[in-house]
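# Survey of secondary and tertiary structure
Letter by letter, the chains look like this.
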Amino acid sequence: MTRATLTQTFKRECNLWWIALGFFTRLPVPASLDFSQNHLNQASRYFPLVGWLIGVILATSYWLLAPVFGNAIAIILSMGIGFLLTGGFHEDGLADTADGLGGGWSIEQKLTIMKDSRLGSYGALAIWFALTLKFIALWQMTDVIIALLVAHPLSRLAATMMMQLLPYVSDPDVSKSKPLAEKQSSTDALISVLIGSAALLLVASPVVVLFGLVAVIALLALLFKRQIGGFTGDTLGATQQLSELAVYLCLLANGGAL
């Protein structure tokens, strides 16, 4: 491989990384990105890497805040920093998914409700449940820093795996989540698995976490397939949130030991 080819490959991968970062976070990215739907699909290989970055930022925030404010407040503040980083992107997806699946009768109704920016009772309850359980789980964790570092990459990996398991069903011309990564190649999937699953190296008993994560992905895939015939941007957000919770609960089920 020539130097020019290596340089071109590096620039292409950097472009995909910036697209992934800009898609998942509010962090600044270069204005000169070469964006296209195909590039967004390819950028999904780096979604778990974005999770690593978010996990590092939140773990560092907790590490700095805990000695000053104590464990509970540091956890809440780190969660707030997470909202600022992502703009509540995944939490919004969880709320919309809960509203759509809970309030709609037909597939069309469910998809229409998901695209509605208003928050319904199902969505409000889902957000309350997820955030409360997340706080309590982290509060009881033996090592919050490692828990954050493990959960965020794995939960983004879970969302990318959902793209492999199900077809995209929302109309991209009217979906409020447009642009959306709709599919992955086998290469993109392999890279995302390698990046995301590296988080298991931080866990003393990775089998427990892996089993819980796979179970959640499988159950959600069955639910989404039965309810709406595939996945949408909102269900990917719901998958991330519920997978993150699953990782925390698996760690706690293992005695909170990492």
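Everything below is about the structure shown above.
This is a predicted model, so every value here is computed, not measured. (Residues numbered from 1 in each chain as written. Predicted model: local features only at pLDDT ≥ 70, side-chain atom pairs only at ≥ 80, totals over all residues. Heavy atoms only, no water.)

## Topic: the nonpolar core
One broad rule of soluble globular proteins: the nonpolar side chains tend to lie buried together. Ranked by size, the top nonpolar core spans 63 residues in total, and within it Leu148, Leu154, Met162, Val209, Val247 and Tyr248 carry the most contacts. Looking at which element gives the most residues to this core, the answer is helix H8 (residues 144-165), with 13 residues. Ignoring anything within four residues of it in the chain, the contact list for Leu154 reads Gly196, Ser197, Ala199, Leu200, Val209, Leu213 and Val247. If you look at the next biggest cluster of nonpolar residues, it comprises 6 residues, including Ala98, Ala130, Ala238 and Leu245. (Core = buried A, V, L, I, M, F, W, Y, C linked by side-chain atoms within 4.5 Å. Buried < 20%, exposed > 50% of the residue type's maximum accessible area, 1.4 Å probe, protein only. Helix = DSSP H or I, 4+ residues; strand = E, 2+ residues; numbered from the N terminus. Contact = heavy atoms within 4.5 Å.)

## A few points about the layout of surface pockets
Its boundaries defined by the atoms lining it, the second largest pocket holds a volume of some 170 Å³. Considering the residues around the second largest pocket, the lining is formed by 13 residues, among which Leu94, Thr97, Ala98, Ala126 and Leu242 are closest to the centre. Put simply, the parts of the chain that give the lining of the second largest pocket at least two residues each are helix H5 (89-103), helix H7 (121-139), helix H10 (206-228) and helix H11 (233-253). Considering every element that reaches the lining of the second largest pocket, the biggest residue donor is H5, with 4 residues. In terms of residue class, the lining of the second largest pocket is built from 12 nonpolar, 1 polar and no charged. (1 Å grid on protein atoms, 1.4 Å probe; cavity = no way out; pocket = protein on both sides within 12 Å on 5 of 7 lines; lining within 4 Å. Points joined across faces, edges and corners; volume = space filled by probe spheres on them. Nonpolar A, V, L, I, M, F, W, Y, C, P; charged D, E, K, R; others polar.)

## Details of the packing of H8 against H11
Interhelical geometry of H8 versus H11 gives an angle of 140 degrees and a closest axis separation of 8 Å. One finds that H8 runs oblique with respect to H11. At the point where H8 passes H11, the crossing takes the right-handed sense. Residues Ala147, Leu148, Val150, Ala151, His152, Leu154, Ser155, Arg156, Ala158, Ala159, Met162 and Met163 of H8 form the contact with H11, whose own contacting residues are Leu236, Thr239, Gln240, Ser243, Glu244, Val247, Tyr248 and Leu251. Its residues assigned to classes, the contact of H8 with H11 shows 13 nonpolar, 5 polar and 2 charged. (Axes fitted to C-alpha atoms, helices over the stretch in contact; angles between N-to-C directions. Parallel < 35°, antiparallel > 145°, perpendicular 65-115°, else oblique. Left-handed = near helix turned anticlockwise from the far one by under 90°.)

## Points about H5
Its 15 residues place the ends of H5 21 Å apart at the C-alpha level, agreeing with the 21 Å of an ideal helix rising 1.5 Å per residue. With respect to burial, H5 is a largely interior element, 11 of its 15 residues being buried. The complete set of buried residues in H5 reads His90, Glu91, Gly93, Leu94, Ala95, Asp96, Thr97, Ala98, Asp99, Gly100 and Leu101. (Expected span 1.5 Å × (residues − 1).)

## Details of the environment of Tyr122
Within the element layout of this structure, Tyr122 appears in helix H7. Between the alpha carbons of Tyr122 and Phe24 there is a distance of 24 Å; along the sequence they are 98 residues apart. Residue contacts for Tyr122: discarding those within four places in its chain leaves Ala98, Asp99, Gly102 and Gly103.

## Looking at the environment of Asp34
Its place among the elements puts Asp34 in the loop between helix H1 (3-24) and helix H2 (37-43). Accessibility expressed as a relative area gives 46% for Asp34, which makes it partly exposed.

## Points about the side chain of Arg156
Looking at the secondary structure, you find Arg156 in helix H8. There is no salt bridge for the buried Arg156, and the closest opposite charge comes from Glu244, which lies 4.8 Å off by N-O distance. One polar contact links Arg156 to His90, side chain to side chain, over a distance of 3.2 Å. (Lys, Arg positive; Asp, Glu negative; His and termini not counted. Salt bridge = Lys/Arg side-chain N within 4 Å of Asp/Glu carboxyl O. Polar contact = N/O pair within 3.5 Å; in protein donor to acceptor, adjacent residues only side chain to side chain.)

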